Amino acid sequence: MKKKILSLMFLVVFAVSFVSIQSGFAKDKEPIKVGILHSLSGTMSISEVSVKDGELLAIEEINANGGVLGRKIVPVIEDGASDWPTFAEKAKKLILKDKVDVVFGCWTSASRKAVLPVFEKYDHLLFYPVQYEGLEASKNIIYTGATANQQIMPGVEWLLKNGYKKMYLLGSDYVFPRTANLIVKAQLKAEGGILVGEEYTPLGHTEYSTIINKIKAAKPDVVFSSLNGDSNVAFFKQLRAAGITAEQIPTMSVSIAEDEIRGIGAENLIGHFAVWNYFMSMDTPNNKPFVKRYKKRFGQDRVTDDPIEANYFGVYLWAKAVEQAGTTELDAVRESLKGLTFDAPEGLVMIDPTNNHTWKVVQVGKVNAEGQFDILYTSDKWVKPDPYPPLVSNKVVIEPGKVVEIKK
Amino acid sequence: MKKEKLIITIFLLLLVAPIFLSEFRLNLLGKYVSFGIAALAIDLLWGYTGILSLGHAVFFGLGGYCMGAYIKLQTETLPDFMMWCGMTELPWFWKPFQYFWFALPMAIILPIFISLLIGIPTFRVGIKGVYFTILTQALALIFVTFFIGQQLYTGGTNGITNLQSILGFSLSDTKVMQVIYLITVVILIISFLFCRFLVKSNLGRTLIAIRDSENRLKFLGYNPMTYKLFVFAVSAGLAGLAGALFVPQVGIISPSLMGILPSVEMAIWVAVGGRGNLKGAIIGAIVVNFAKSFFSETFPEIWLYFFGLLFVLVVLLFPKGIMGIINNMVNKLKIIKKNRIIHAKADC
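About the cut-offs
Residues numbered from 1 in each chain as written. Chains lettered and ligands numbered in written order. Predicted model: local features only at pLDDT ≥ 70, side-chain atom pairs only at ≥ 80, totals over all residues. Heavy atoms only, no water. Helix = DSSP H or I, 4+ residues; strand = E, 2+ residues; numbered from the N terminus. Rg over C-alpha atoms; globule rule 2.2 N^0.38 Å. Buried < 20%, exposed > 50% of the residue type's maximum accessible area, 1.4 Å probe, protein only. Contact = heavy atoms within 4.5 Å. Areas by Shrake-Rupley, 256 points an atom, 1.4 Å probe, with all protein chains shown as cover. Pairing = 2+ DSSP bridges. Axes fitted to C-alpha atoms, helices over the stretch in contact; angles between N-to-C directions. Buried area = accessible area lost by both parts, 1.4 Å probe. Salt bridge = Lys/Arg side-chain N within 4 Å of Asp/Glu carboxyl O. Domains from an automatic or database assignment. Polar contact = N/O pair within 3.5 Å; in protein donor to acceptor, adjacent residues only side chain to side chain. Nonpolar A, V, L, I, M, F, W, Y, C, P; charged D, E, K, R; others polar.

## Side note on the overall build of chain A
1) Next: Check the secondary structure of chain A and you find 13 helices and 17 strands.
2) Next: Compactness check: chain A gives a C-alpha radius of gyration of 24 Å against a globular reference of 22 Å for 408 residues, within 12% of the reference.
3) Next: Seen along its three principal axes, the alpha-carbon backbone of chain A occupies a region of about 100 × 55 × 40 Å.
4) Next: Here chain A holds 408 residues, and the buried ones make up 61% of them.
5) Next: Counted over contacts in chain A with a minimum sequence separation of 6, partners at least 24 positions apart contribute 67%.
6) Next: Summed over all atoms, the accessible surface of chain A reaches about 16300 Å², with 58% contributed by carbon and sulfur.

As structure tokens, this is what we get:
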């Protein structure tokens, strides 16, 4: 008799589990896999590891609050190794093998350009957290960093308004600085600035005495710098050694954030400017707790900065979009991302419904002795992202992924 | 024939791989196979002739750029990076690359040309050994700097990306990718047979003689320079061909593929596989790259340590590489068999 009851119970359990699998019950409780793709080794790792940490923090927080659609988020981490073909390979792996629902990743324009065809080929979704040169609007990428008109152009405008008319352009030799300076030059012409010099050095360049002499000779009001990576350490040290202080010739940087200041040394940067959408020193209701959580999770000596924050809220935006769509299915998520807002550490942000970039506030900061920024200016209002600034382009985005030429 | 069992098995496995591998894995394997061709090129030069080049990625990269330029021009009349730099017209030296019949041969000819440019002055004055190796490293550095600096013409650090179609076939089609994979395997087999033919011929014996004692060869009346130039050029051309096969499968070519690091990696494949052994070169390239993918996928944050450890262990414990291990085992088996036969005979 006992045996019979036992076997009956087995049958019931079996039947129930079978039905539940059939009805998709088990599938709904499956964790949601998301990809994280950054350089964890190689030259870019100093910047990208922190961004990865920001993304992980957001995922942990969301999971602690019950996950998305009642499902846990599980990150699949891959190392792009500062090598662009590796980025493309790992992107393929995340999409095809791990079958992740979304990927958060990349830093350099080169790595984004390398994975872009992969995301378009498999019609997948990438959240890209870094300010960049624009002239791109894929329907497969959500850009949470700034476009030129949200960083470079307001930066130049602020300089001109504050009497820094004579500008010297200095940048690393690759697509971002080249395009950035193309825009700056057009802007100087249109808004009455004067270009007194333009110089590019290869990534990783460390010998700046010649250029510093040229800067001395040109006597600019300000150096507009789009130097990236290690070169900044050499440039600012040599600038200081040459006896040029920020009072004499300040620089305005578009690639130096709090994380980079740690590497360059605050003493070399005091008084220099930077323009970003987020500063760690921001006094917003969401920022203080965010900084506190980040430090608590990854160490008290760590700092937050613009790209870290950009994909921290990127993860939240995606989670919100999934909640709203009620599914992780891509088309639905993309649809609910359109015009979606989120109260990020930097304040309220919104995804533009036509070009997939982010509406955000612009701010100018000045480096202080603690390696933090004193905020000198804030736009207060949202600036609409425009990946194709009319100054240098005759194209407009009409819907995500669709760019048309306009005749003048 | 018996000796070739191993390599025949490998080739057969590679040929039937599309049946049981997923799209992603097959794509990776295709990349490894193209690396196998580059490894053959290095083995010919280093393993057989004793000339270590740590700049072979330059030839690989040049081949890749030729193919990349061709594929790019299939879908874009003016490559996107030129547009960003403010160009309005295609530069003249880019124009012929829109034709496959020009681009593919150039992927082999251009590396050969560069190798002769380097080889003639260096071999003539008798620069060899470590000095030649340093020279090839400088070559890699020069090319990377040059390609990054000439953003207007080469795409700079980004390289050439967003490659869509080849000979009218879309590169996002799984079937097309399978065919490209199979072509790569067939070219690997042909390259292998070609290299084997070379090293088994009189020429091959001369190459080995150069490796083992160049001076003695000179006293015998040979002029090693011609042989060295020849093998350097063949090796460069083969590496270029490998690069051309690599690009449609990976979909990007950038200066990071032609620098010192990938050059050293190429030498490592051959060292791990077992140099002076053509099978070893192919096995080394596939095994090392498989390990690289495996470690970086399994331990994304600390994979480089595992990878480094693997190299140190192989070099320390098995200086003759994987082929050394296999040969050792085969020899031991033979001895055991022999002993058995002797015992069996004794029993009678």
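## Some remarks on the sheet that holds strand S1 (residues 32-38) of chain A
All names here are of chain A.
1) Next: One open sheet holds the 5 strands; their spatial order is S2-S1-S3-S4-S5, and the pairing between them is parallel. Of all the strands in the sheet, just strand S2 (73-79) and strand S5 (141-143) have a single pairing partner and so form its edges. Neighbour-to-neighbour, the strand axes of the sheet open up by a mean angle of 25 degrees, direction not taken into account.
2) Next: As judged from the 2 bridges shared by strand S3 (residues 102-105) and strand S4 (residues 126-128), these two strands associate in the parallel manner. Bridge pairing in S4 links Val103 to Leu126.

## Focus: the interface of chain B and chain A
1) Next: Taken together, the contacts link 29 residues of chain B with 30 residues of chain A.
2) Next: Carbon and sulfur atoms supply 57% of the area buried between chain B and chain A, which totals about 2700 Å² over both sides.
3) Next: The three residues of chain B that bury the most area against chain A are Phe24, Trp84 and Asn158 of chain B, which together make up 24% of that side's buried surface.
4) Next: Remark: the boundary between chain B and chain A carries 2 salt bridges.
5) Next: Between Lys52 of chain A and Glu301 of chain B there is a salt bridge, with the nearest N and O atoms lying 2.8 Å from each other.
6) Next: For the side of chain B that touches chain A, the element with the highest residue contribution is helix H2 (residues 23-48) of chain B, accounting for 6 residues.

## What to know about the domain arrangement of chain A
Residue and element names in this part refer to chain A.
1) Next: Taken as a whole, chain A is organised into domain 1 (32-146 + 284-359) and domain 2 (149-283 + 363-406).
2) Next: The gap between the C-alpha centroids of domain 1 and domain 2 is 25 Å.
3) Next: If you look at the interface, domain 1 gives 47 residues, while domain 2 gives 36 residues.
4) Next: Summing both sides of the interface, domain 1 and domain 2 together bury roughly 3500 Å²; the carbon and sulfur share of this comes to 60%.
5) Next: Among the residues domain 1 hides against domain 2, the three largest losses belong to Gln131, Leu135 and Trp359. Together they make up 18% of the total.
6) Next: Counting every contact that joins domain 1 to domain 2 gives 2 salt bridges.
7) Next: The salt bridge involving Asp283 is made with Lys288; its shortest N-O contact spans 3.1 Å.
8) Next: Linking domain 1 to domain 2 there are 21 residue pairs in polar contact (both at pLDDT 80 or more).
9) Next: Those elements that place two or more of their residues in the side of domain 1 that touches domain 2 are helix H3 (45-64), helix H11 (287-298), helix H12 (306-325), strand S12 (347-351) and strand S13 (358-359).
10) Next: Looking at the side of domain 1 that touches domain 2 element by element, the count peaks at 5 residues for H11.
11) Next: Counted by class, the side of domain 1 that touches domain 2 contains 18 nonpolar, 16 polar and 13 charged residues.

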